[in-house]
Amino acid sequence: MRLVGTWIAGGFFLTAGSWIVNNLRLETGVSEFSYALALIIAFIFFLIAGLCWINVGVAAKHKF
């Protein structure tokens, strides 16, 4: 069950990172710092999603 939870968490982080990137625009009222911070957070979410799915793959290989 923990394996499925980690898999779903990876999907959540991927969705959150994609949502941030798709809604990110450098317009009036958005500073360059906040724009860069949002990009960094989205990148971290993508990395976490990858790590979750790598962990699921390794655990599945050892378990099955």
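Look up: the structure comes first, before these words.
Keep in mind that what you see is a predicted model, and the values were worked out from it rather than measured. (Residues numbered from 1 in each chain as written. Predicted model: local features only at pLDDT ≥ 70, side-chain atom pairs only at ≥ 80, totals over all residues. Heavy atoms only, no water.)

Okay, a nonpolar patch on the surface next. The grouping of Met 1, Val 4, Trp 7, Ile 8, Leu 14, Val 21, Leu 39, Phe 46 and Trp 53 at the surface amounts to a nonpolar patch, some 890 Å² of accessible area in total. Those elements giving two or more residues to the nonpolar patch turn out to be helix H1 (2–22) and helix H2 (32–63). Here the element with the most residues in the nonpolar patch is H1; it accounts for five residues. Mapped onto the elements of the fold, Trp 7 is located in helix H1. Judged by its relative accessible area of 52%, Trp 7 is exposed. (Patch = residues over 30% accessible without salt bridge, like charges linked within 9 Å, V, L, I, M, F, W, Y side chains within 5 Å. Areas by Shrake-Rupley, 256 points an atom, 1.4 Å probe, with all protein chains shown as cover. Salt bridge = Lys/Arg side-chain N within 4 Å of Asp/Glu carboxyl O. Helix = DSSP H or I, 4+ residues; strand = E, 2+ residues; numbered from the N terminus. Buried < 20%, exposed > 50% of the residue type's maximum accessible area, 1.4 Å probe, protein only.)

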